[in-house]
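Residue-level structure breakdown
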Amino acid sequence: PEARRPWRRGAAGPGPECAADVVAVRARVWLVGENEGKRDMLSRRRARRGCEGVVAVDGQEGSEKAQSESPDLVLMDMSLPRLDGWEASRRLKADEATARIPIIALTAHAMRGDREKALDAGCDDYDTKPVDLNRLLEKIEKLVAAART
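Overview of the structure.

Rules of the game
- Residues numbered from 1 in each chain as written.
- Predicted model: local features only at pLDDT ≥ 70, side-chain atom pairs only at ≥ 80, totals over all residues.
- Heavy atoms only, no water.
- Salt bridge = Lys/Arg side-chain N within 4 Å of Asp/Glu carboxyl O.
- Helix = DSSP H or I, 4+ residues; strand = E, 2+ residues; numbered from the N terminus.
- Pairing = 2+ DSSP bridges.
- Contact = heavy atoms within 4.5 Å.
- Axes fitted to C-alpha atoms, helices over the stretch in contact; angles between N-to-C directions.
- Buried < 20%, exposed > 50% of the residue type's maximum accessible area, 1.4 Å probe, protein only.
- Right-handed = clockwise from strand over helix to strand, strands pointing away.
- Core = buried A, V, L, I, M, F, W, Y, C linked by side-chain atoms within 4.5 Å.
- Polar contact = N/O pair within 3.5 Å; in protein donor to acceptor, adjacent residues only side chain to side chain.

Take the pattern of salt bridges next. What the rule picks out here adds up to eleven salt bridges. Residue D72 pairs with R148 through a salt bridge whose shortest N-O separation is 3.3 Å. On the criterion of sequence distance, the pair formed by D72 in the loop between α2 (59–69) and β3 (73–77) and R148 in the segment after α5 (133–147) is long-range, its members being 76 residues apart. Its salt-bridge partner being R91, residue E87 comes within 3.2 Å of it at the nearest N-O pair. Separated by four residues within a single helix, E87 and R91 lie in helix α3 (residues 85–94), roughly one turn from each other.

Strand order in the open sheet formed by five strands is β2-β1-β3-β4-β5, and the pairing between neighbours is parallel. Edge positions in the open sheet fall to β2 (55–56) and β5 (125–128), since each of these has one partner strand only. Sheet topology note: the strand β4 (residues 103–107)/β5 ladder contains four bridges and is parallel. Looking at β5, one finds that L106 is bridged to D127. Sitting on the sheet, α5 touches β1 (29–32), β3, β4 and β5, and the angle it makes with β5 is about 170°.

In this section: unusual backbone geometry. Here the bond from K129 into P130 is cis, since omega is 0°, no more than 30 degrees from zero. Tracing the sequence through the fold places P130 in the loop between β5 and α5. Of note, the phi angle at S70 is positive, near 40°, even though the residue is not glycine. Along the chain, S70 turns up in the loop between α2 and β3. Residue class for S70 comes out partly exposed when judged on its relative accessible area of 27%.

Here A94 lies in helix α3. A94 sits in the exposed class, given a relative accessible area of 68%. Taking C-alpha positions, A94 is 8.5 Å from G122, a pair spaced 28 residues apart along the chain.

Here the focus is the pairing of β4. Across the five residues that make up β4, a large majority, five, are buried. Side-chain alternation along β4 places I103, A105 and T107 on one buried face and I104 and L106 on a second face that is also buried. In the classification by handedness, the crossover that spans β3, the intervening α3 and the parallel β4 is right-handed. Once the chain exits β4 it traverses helix α4 (residues 114–120) before rejoining the sheet at β5, and the crossover so formed is right-handed.

If you look at the biggest cluster of nonpolar residues, it comprises 19 residues, and the most contacted ones within it are V74 and M76. Elements with a contribution of two residues or more to this core: β1, β3, α3 and β4. Ranked by residues supplied to this core, first place goes to α3 with three residues. If near-sequence neighbours (up to four positions away) are discounted, V74 is found in contact with W30, V32, A66, I101, P102, I103 and I104. Ranked by size, the runner-up nonpolar core spans twelve residues in total, among them V29, L75, L136 and V144.

Moving on: α2. For α2, the full list of buried residues reads G59, E61, G62, S63, K65 and A66. The elements touched by buried residues of α2 are β1, β2, β3 and α3. The N-terminus of α2 is capped by D58, whose side-chain oxygen sits 3.1 Å from the backbone nitrogen of Q60. Looking one or two places after α2, you find S70, whose phi comes out positive at around 40°.

Right, here's the structure in full:
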């Protein structure tokens, strides 16, 4: 049922009182990605902890949601339709209203130079697919904590 899918597309998060999975800091983490299986996997992990968030399926929607809802962090798939994650990240970092939001690039691009390309696009960190969830959660915690200081 819909009530069991708190990260459904377009859902509003409950705010910073919700812990994001096992992350020690309380955070609203937006996921921008078109792969439904990966979105569902991350959604289930957060749902088990009672956390809600917003999912966007392309860079355009992700950029708009980040501008209107100011998440604590964005997980950005770099291979997206309409507006790819590279350009969506550049736009978020160029906008004064969203420049402070940390972005973690999620990508299957694991060639030499891809990490630097993501950082040059404005991402604060980079992680390759398949996602190592524990490593990703550590990065989320570190970036959210740093953004709050």
